[in-house]
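Overview (structure and organization)
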Amino acid sequence: MSHPIVFLFALLLTASFMWPSEGAIHGDGLHLAIGWLITGSCAGVAALRRPDKSCSLSRNVSMVDGLVIVLLVGGFWLSTWHVFRVNGDRRVALNIAFEWSAIGAVWWIVRRLLHDVSARQWIVTLLIGISVGAAFVGIVQHHVTHGRQAEWYLQQRIQADGVSIDALMASHELQHANIPLSGVARELFERRLLASSEPIGPFALANTLGGLLAVALVLMVGGMVQILRHQSVRVSPVSWAVAMIVCFVLGYCLLLTKSRTAWVGLVCGIGMILLHGRTALSSGRLKWLFCGATSLLAVGAAIGIGSGAIDKEVVLESPRSLQFRLFYWMGAAGVIADDPMFGSGPGNFRPVYLAHKVVESSEEILDPHNIVLDAWCSAGLIGVIAMCMMPLTVVQRFLTSQVDAASPASSQERTVISTVRLGIGCGLLLHLGWRWLNGGEFIDVSRDLLDPQNLVMAIPVTALLFVWAMSGRFDFSTNVIRAAFVCVFVHLLGAGGLQISGLGMLLALLYALSADGNSKVAEPLNEVARTFSVAVAFAVLAGATLWYGLLPVVAASRHSEVAAVLQLRRQHEAAVKAYDKSIAADKYNTDSRQRKMGVLAYMFKETVGEYAQLEDPEFEHMADILTLFDRAIRACDEAIAGDQRSYAGYHFRSRLQGQLYTLQPQVDLSENAVKDMEHVISCYPENSMFWFEYAELLNRFERSQQAESAAVKALEIDAVNHDWGHVDRYLSDVQVHLLSKMVDSK
């Protein structure tokens, strides 16, 4: 494979693990998706220009793996079409479909890179280097930056809760950092920040970091075991020492994440490595490996326990964590039962799941926390079939393969490493440049070196050092990579999810690398036609991602940021106009529609409150209220049109009609308010607050019998929330008192 493709691959892979890929659902990584698609197209063109260069992989393997990827990506696009058909959240569905098209391009690029026998070794080395950098970032986060962030937040919160000019500035800082300013969201954020210290690395969730670290640790251990199996291959003591340090860093950070699913995946992966070909490993070397691994684990555990990072809660909470996942899976089964063919659609799981959520479960999850159920919900029946085929083919090849022979570094691998290192450095520049284009600092010298904005630069730096020091030192066979694939797949059986592009990319990358090698044969004419078709398809998808994805998403987000600032300054009319511009920039944008609806609903509530306090209100005041009511209702209708499966538009519309009813008690207002609230209840039947609002609404409209039934339901759900300790779901004492009066009034 040509060096430009190697360079682009290293660049994009480095940049892809330097940002919180959980934000893929919002389109945060679409610029990288375009890069992968263009690189995939270029890889196809490069292959066509070198027809004499044959594939080193079995054509049967190529056909099976290609079918799996085509089915998986095709499943995402079919379910996206279904989201458009049922008027779900189309922006989110498109974002995820574009991301998975790029993940398909990653698989294709790796398959083309594997035409060169050295590619597998340097790709795995690069992946481990990136993971070591992420582990370093995670360790620093746990021991240093988490405490600093908590201290900074407490200072900002004290100022934001005040009444001086500093309060406005502090609120702006918090909002700019995407920190909720009030309500339950603020309580949950504070609980995560102040009561937990799990590292997240460059991501937003500890489980995402845990999955990456577990894979890297399996690969590293597998490479070491592979060398120990072949006594003819010698590795210097310095390389062994570096390998041990790397394993310690990866393992210690993995312990800090407290990701139990990643731990289970790690055990499965390393178990596969040790069991396969165990007769080829001498007893002396096996004892040496066992003692070394045990010592590293003991030291890491001792440091973790001594620092308080690992405590008894990690073990005691495991059964409860599994129990909640069972609740999630029960709700996901209901989502699948609603539409077994298409599921809920990419990124559209939550609004459909809430209708099936078990009352004992508190969290409004974005995915089922199970990769098989997630594939069914996100990519439909076709997607789940493809997802199940992936581990089956990998495990089948693992069980039927022989012990791999050692393959020391070739001169070709050594020459390509310089290109890889250049790609890593440019990956850092790409990350910093994109941040600068979006209004951030290229390098913020005003911040501390260990600030999260600057700390992420340690990932490419560490990857550069690791690739320079360890390239060609250890051998990463296909069976080692298969064990790593099983590791991440087992991890994802209890963690989310396919909307996190980093984990999806990791899955596709390992799947491509796990293919067997075979004798070289010339590519037939139909293979050339297939390669040309794929190259054209990736080019078309890159253009579609730019036109229908990146451009509208970026334009809409910038208008939304302006609107948020105006809203914070209480310039509500200007904020509404900014949200209108955001909606015009991205016609599928549901977030701006809902935010605009919220601003107008707030303005209407304030106006109604002021009108009620007037001793002698004039006719003009009521006309202004009705005009504002019409604007707010239209905003609700726009939000409903943007995502008909979400309850938000119906909820706000019910409140608006109920508020106007206090000024103009008309029958149609009461009936419409009750009807909309009933729709909200049908979308989220296990929400005690919604049942309280429904009961209060019925009671106000003198529907006593219905109000009593709704009050009983609200109290029942609230009792379950208390039994399970869902403090963020508790009704207040005042609300419970009002509900009790409705029940006792009979």
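Residues numbered from 1 in each chain as written. Predicted model: local features only at pLDDT ≥ 70, side-chain atom pairs only at ≥ 80, totals over all residues. Heavy atoms only, no water.

1. With respect to the pattern of salt bridges
- According to the stated counting rule, one finds 12 salt bridges in the structure shown.
- Between Arg631 and Glu573 there is a salt bridge, and its shortest N-O distance comes to 2.9 Å. Of the two residues, Arg631 sits in helix α24 (residues 619-642) while Glu573 sits in helix α22 (residues 572-585), which places them 58 residues apart along the sequence.
- By relative accessible area, which is 25% here, Arg631 ends up partly exposed.
- In this structure Glu573 comes out as partly exposed when scored by relative accessible area, which is 37%. (Salt bridge = Lys/Arg side-chain N within 4 Å of Asp/Glu carboxyl O. Helix = DSSP H or I, 4+ residues; strand = E, 2+ residues; numbered from the N terminus. Buried < 20%, exposed > 50% of the residue type's maximum accessible area, 1.4 Å probe, protein only.)

2. Thoughts on unusual backbone geometry
- If you check the backbone angles, His369 has positive phi at about 60° while not being a glycine.
- Position of His369 relative to the elements: it lies in the loop between α14 (349-353) and α15 (371-400).
- The phi angle at Arg570 is positive, at roughly 65°, despite the residue not being glycine.
- Among the structural elements, Arg570 can be located in the loop between α21 (525-568) and α22.

3. Remarks on the side chain of Thr80
- When you line up the elements, Thr80 lands in helix α3 (residues 59-86).
- Contact partners of Thr80, with chain neighbours within four places excluded, come to Ala93, Leu94, Ala97 and Pro346. (Contact = heavy atoms within 4.5 Å.)

4. What to know about helix α19 (residues 478-492)
- Along its 15 residues, α19 runs 21 Å from first to last C-alpha, staying within 8% of the 21 Å computed at 1.5 Å per residue.
- Within α19, 14 of the 15 residues are buried, leaving the element largely enclosed by the surrounding structure. (Expected span 1.5 Å × (residues − 1).)

5. Quick notes on the packing of helix α8 (residues 206-229) against helix α10 (residues 260-275)
- Orientation of α8 relative to α10, taken along the N-to-C sense of each, is 15°, at an axis distance of 9 Å. In terms of orientation, α8 lies roughly parallel with respect to α10. Where α8 crosses over α10, the two elements pack in a sense that is right-handed. Where α8 abuts α10, its residues Asn207, Gly210, Gly211, Ala214, Leu217, Val218, Val221, Gly222, Val225 and Arg229 lie against Thr261, Ala262, Leu266, Gly269, Ile270, Ile273 and Leu274.
- Classifying every residue of the contact of α8 with α10 gives 10 nonpolar, six polar and one charged. (Axes fitted to C-alpha atoms, helices over the stretch in contact; angles between N-to-C directions. Parallel < 35°, antiparallel > 145°, perpendicular 65-115°, else oblique. Left-handed = near helix turned anticlockwise from the far one by under 90°. Nonpolar A, V, L, I, M, F, W, Y, C, P; charged D, E, K, R; others polar.)

6. Section: the packing of aromatic side chains
- Considering all chains together, one arrives at 20 aromatic pairs under this definition.
- Among the aromatic residues, those joined into a cluster by ring pairs are Phe9, Trp36 and Trp122.
- Residue placement shows Arg112 over the ring face of Trp108; its charged tip is 5.0 Å from the ring centre. (Phe/Tyr/Trp six-rings, centres within 6.5 Å; stacked < 30°, edge-to-face > 60°. Lys NZ or Arg CZ within 6 Å of the ring centre and 35° of its normal.)

7. Quick look at the packing of α8 against helix α20 (residues 501-513)
- The N-to-C vectors of α8 and α20 enclose an angle of 20°; their axes lie 10 Å apart at closest approach. Classed by the angle they form, the pair α8 and α20 counts as roughly parallel. Considering the relative orientation of α8 and α20, their crossing is left-handed. Of the residues in α20, those touching α8 at Thr208, Gly211, Leu212 and Val215 are Leu503, Leu506 and Leu510.
- Grouping the amino acids of the contact of α8 with α20 by side-chain chemistry returns five nonpolar, two polar and no charged.

8. With respect to the environment of Leu663
- Along the chain, Leu663 falls in the loop between α25 (648-661) and α26 (667-683).
- When its relative accessible area of 22% is taken as the criterion, Leu663 is described as partly exposed.
- Sequence separation of Leu663 and Ala612 is 51 residues, and the distance between their C-alpha atoms is 8.1 Å.
- Filtering out sequence-adjacent residues up to four positions away, Leu663 remains in contact with Val608, Tyr611, Met622 and Ile625.

9. Points about a nonpolar patch on the surface
- Among the surface-exposed residues, Leu429, Trp436, Leu437, Phe442 and Ile443 lie close enough to one another that they form a single nonpolar patch of about 500 Å² accessible area.
- Mapping Leu429 onto the fold places it in helix α16 (residues 411-437).
- Judged by its relative accessible area of 49%, Leu429 is partly exposed. (Patch = residues over 30% accessible without salt bridge, like charges linked within 9 Å, V, L, I, M, F, W, Y side chains within 5 Å. Areas by Shrake-Rupley, 256 points an atom, 1.4 Å probe, with all protein chains shown as cover.)

None of the figures reported here should be taken as evidence of function without further support.
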